[in-house]
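The primary structure of each chain is shown beneath.
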Amino acid sequence: MRISRIQSDELHPTPGYHHVTIVEADRTAYLAGQCPLDASGAVVGTGDLMAQVDQVAANALAALSAAGATPGDVVRSVIYVASDRTAELAAVWDRLNAGPIAEAFTTASTLLGVAALGFPGQLVEVDLTAALAG
């Protein structure tokens, strides 16, 4: 498996992600959006965005592991934040990039502010795609 991350000189500089990710892999894992839910299905950290980011990161790490992948195998990420505040979106990006799945966000990434997410009280969700060997 080979993953190449590319920055084009014709595009703007990024805060850590790459504009293009090229993958040569035998298999691909598409993870469901990882939500700030504990093992019982309850929303963690109601009203606490950073607690929810931490739970999402832990859940994403568990889902990647179940697929036989690591954050370094991620080739695409989409981060959804229930906010229209640039500072909150930036805080989520910073927290994810300082946590256990930080390497996942060096690839092609999108950060979106949205009106609402699927669970009552949910403030953040992360959607990952990983390339798998053999």
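This text goes with the structure placed above it.
Owing to the predicted nature of the structure, the values given are computational and were not obtained by experimental measurement.

What counts, and where the lines are drawn
- Residues numbered from 1 in each chain as written.
- Predicted model: local features only at pLDDT ≥ 70, side-chain atom pairs only at ≥ 80, totals over all residues.
- Heavy atoms only, no water.
- Salt bridge = Lys/Arg side-chain N within 4 Å of Asp/Glu carboxyl O.
- Helix = DSSP H or I, 4+ residues; strand = E, 2+ residues; numbered from the N terminus.
- Buried < 20%, exposed > 50% of the residue type's maximum accessible area, 1.4 Å probe, protein only.
- Expected span 1.5 Å × (residues − 1).
- Contact = heavy atoms within 4.5 Å.
- Phe/Tyr/Trp six-rings, centres within 6.5 Å; stacked < 30°, edge-to-face > 60°.
- Pairing = 2+ DSSP bridges.
- Right-handed = clockwise from strand over helix to strand, strands pointing away.
- Axes fitted to C-alpha atoms, helices over the stretch in contact; angles between N-to-C directions.
- Polar contact = N/O pair within 3.5 Å; in protein donor to acceptor, adjacent residues only side chain to side chain.

Undergrad: Residues and numbers for the pattern of salt bridges, please.
TA: Side chains carrying opposite charge are able to pair once their charged atoms draw close together. By the definition in use, this model includes three salt bridges. For Arg2, the salt bridge is made with Glu24, and the minimal N-O distance between the two is 3.2 Å. Residue Arg2 is located in strand S1 (residues 2–6), and its partner Glu24 is located in strand S2 (residues 20–24); the two are separated by 22 residues in the primary sequence. Take Arg2: its relative accessible area is 47%, and that puts it in the partly exposed class.

Undergrad: Describe helix H1 (residues 49–66), with residues and values.
TA: Structural remark: α-helix, 3.6 residues per turn; residues separated by three or four positions point the same way. With 18 residues, H1 extends 26 Å from end C-alpha to end C-alpha; this agrees with the ideal 26 Å at 1.5 Å per step. Restricting attention to buried positions, one finds in H1 the residues Leu49, Gln52, Val53, Gln55, Val56, Ala57, Asn59, Ala60 and Leu64. Here the buried face of H1 lies against strand S4 (74–81), helix H2 (86–97) and strand S6 (124–132). Phi for Gly68, located one or two positions after H1, is positive at around 75°.

Undergrad: Describe in detail the packing of aromatic side chains, supporting the description with residues and values.
TA: Taken as a whole and judged by the stated rule, the model has two aromatic pairs. Between Tyr17 and Trp93, the aromatic rings sit 6.0 Å apart at their centres with planes inclined by 85°, giving edge-to-face as the arrangement. One end of the pair, Tyr17, is in the loop between S1 and S2; the other, Trp93, is in helix H2, with 76 residues separating them in the sequence. A connected cluster of aromatic rings, assembled from ring pairs, spans Tyr17, Trp93 and Phe105.

Undergrad: Hey, could you go over the pairing of S4 for me, with residue numbers and the actual values?
TA: Burial of S4 is extensive: six of the eight residues sit out of reach of the surface. Sheet analysis places S4 next to S6, joined by seven bridges and oriented antiparallel. Looking at S6, one finds that Val74 is bridged to Ala130. Pairing analysis gives six bridges linking S4 to strand S5 (residues 108–113), with the strands arranged parallel. The residue of S5 that forms the bridge with Ser77 is Ser109. With H2 bridging S4 and the parallel S5, this β-α-β connection has right-handed handedness.

Undergrad: Residues and numbers for the sheet that holds strand S3 (residues 27–30), please.
TA: Strands sit in the order S3-S6-S4-S5 across an open sheet of four strands; the sheet is mixed. Edge positions in the open sheet fall to S3 and S5, since each of these has one partner strand only. Strand-to-strand twist in this sheet, taken as the mean axis angle between neighbours without regard to direction, amounts to 10°. On top of the sheet, H1 reaches S4 and S6; it is set at about 25° to S6, its chief contact.

Undergrad: Which residues make up the side chain of Ser83, and what values go with them?
TA: Its location among the elements puts Ser83 in the loop between S4 and H2. Within polar-contact distance, the side chain of Ser83 engages the backbone nitrogen of Arg85 at 2.9 Å. Setting aside its immediate chain neighbours within four residues, Ser83 contacts Glu88, Leu89, Gly113 and Val114.

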